[in-house]
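Fold and contact review
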Amino acid sequence: KAGVTQTPRYLIKTRGQQVTLSCSPISGHRSVSWYQQTPGQGLQFLFEYFSETQRNKGNFPGRFSGRQFSNSRSEMNVSTLELGDSALYLCASSLMAGTKNIQYFGAGTRLSVL
Amino acid sequence: DQQVKQNSPSLSVQEGRISILNCDYTNSMFDYFLWYKKYPAEGPTFLISISSIKDKNEDGRFTVFLNKSAKHLSLHIVPSQPGDSAVYFCAAGAYNAGNMLTFGGGTRLMVKP
């Protein structure tokens, strides 16, 4: 069974641009969560999608948004990029929502904002 | 505020000995806890979890202990192997929060041959 796939693996953007990251969950998994990892803040929850609906949202500005498609694939978008958005963005999928479902992570997309 | 903390940024252990990684939390509403291992250039890999109604869970060389009164959990790895060298994250979740996990800052474990 293929794992969680994130594309692209690396991305370089400049301030003010926008970026879209993609995540394909494990086949059959319906929940997709996004996390941001930075050296200073660690791993922080961005948002979770289940059956195309956002279920939870972390404490991030509105420049960070996401969506989920009917095949459970998810995208996250960051608009008006800032230098502080440079981070590793991780996607995790799980079978269902809540009830201590194990989340399986992709390898991440490393975004550098210049 | 940090709801989940791993106070030791790094830990060095000799191969064959026990590794003990610690994690403290402040939010008593967490219902379950997990440990993930992360190698460079890879995503976190699930290791073991424990429900808040239990005080111990064991899986092979890995055992997680939970002390609810102290809001403290620990991961024991016995015996430690060089391949265990990685960054370990503890994470906490609540049943009413979907799949949102709150992570600690991580502990880098180095197992020396």
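Residues numbered from 1 in each chain as written. Chains lettered and ligands numbered in written order. Predicted model: local features only at pLDDT ≥ 70, side-chain atom pairs only at ≥ 80, totals over all residues. Heavy atoms only, no water.

Before going further, it helps to examine the overall build of chain A. Along the backbone of chain A there are zero helices and eleven strands. Expected size for 114 residues packed as a compact globule is a radius of gyration near 13 Å; at 13 Å, chain A falls within 12% of this value. In terms of overall dimensions, chain A has C-alpha extents of about 35 × 25 × 25 Å along its principal axes. The buried share of chain A, taken over its 114 residues, is 52%. Taking all contacts inside chain A whose residues are at least 6 apart in sequence as the whole, residues at least 24 apart take part in 54%. With an accessible surface of roughly 5,400 Å², chain A has 48% of that area assigned to carbon and sulfur atoms. (Helix = DSSP H or I, 4+ residues; strand = E, 2+ residues; numbered from the N terminus. Rg over C-alpha atoms; globule rule 2.2 N^0.38 Å. Buried < 20%, exposed > 50% of the residue type's maximum accessible area, 1.4 Å probe, protein only. Contact = heavy atoms within 4.5 Å. Areas by Shrake-Rupley, 256 points an atom, 1.4 Å probe, with all protein chains shown as cover.)

Facing the 24 residues of chain A at the interface are 18 residues of chain B. Both sides together, the interface formed by chain A and chain B hides about 1,700 Å², and carbon and sulfur atoms give 60% of it. On inspection of chain A and its partner chain B, the count reaches zero salt bridges. Between the two partners, chain A and chain B, sit nine residue pairs in polar contact (both at pLDDT 80 or more). (Buried area = accessible area lost by both parts, 1.4 Å probe. Salt bridge = Lys/Arg side-chain N within 4 Å of Asp/Glu carboxyl O. Polar contact = N/O pair within 3.5 Å; in protein donor to acceptor, adjacent residues only side chain to side chain.)

Residues and elements named next belong to chain B. Pairing is antiparallel across the open sheet formed by five strands, whose spatial order is 1-3-8-7-6. Lying at the two open borders of the sheet, with one neighbouring strand each, are strand 1 (4-5) and strand 6 (56-59). One ladder, built from two bridges, connects strand 1 with strand 3 (residues 19-25); its direction is antiparallel. Across the sheet, residue Val4 finds its bridge partner in strand 3, namely Tyr25. (Pairing = 2+ DSSP bridges.)

Residues and elements named next belong to chain B. Nonpolar side chains collect at one region of the surface, where Ile18, Ile20 and Val78 lie side by side and expose about 220 Å² of accessible area between them. Position of Ile18 among the secondary structure elements: in the loop between strand 2 (10-14) and strand 3. Ile18 gets classed as partly exposed once you look at its relative accessible area, which sits at 41%. (Patch = residues over 30% accessible without salt bridge, like charges linked within 9 Å, V, L, I, M, F, W, Y side chains within 5 Å.)

Okay, unusual backbone geometry next. What you tend to see is this: most non-glycine residues have negative phi, and most peptide bonds are trans. With omega at -10°, the peptide bond leading from A:Thr7 into A:Pro8 counts as cis. With omega at -10°, the peptide bond leading from B:Val78 into B:Pro79 counts as cis. Structurally, the position occupied by B:Pro79 is in the loop between strand 8 (72-77) and strand 9 (86-93). Here B:Lys71, not a glycine, exhibits a phi torsion of approximately 50°, which is positive.

The strands making up a sheet associate through hydrogen bonds between their backbones, and the pairing can be parallel or antiparallel. Residue and element names in this part refer to chain A. The four strands lie next to each other as 1-3-8-7, forming an open sheet whose pairing is antiparallel. At either end of the open sheet lies a strand with only one pairing partner, and these are strand 1 (5-7) and strand 7 (64-68). The average angle at which neighbouring strand axes cross in this sheet is 20°, direction not considered. In the sheet, strand 1 pairs with strand 3 (residues 19-24) via three bridges, with the strands oriented antiparallel. Bridge pairing in strand 3 places Gln6 opposite Cys23. (Axes fitted to C-alpha atoms, helices over the stretch in contact; angles between N-to-C directions.)

Note that all results are geometric; they support no functional claim without further evidence.
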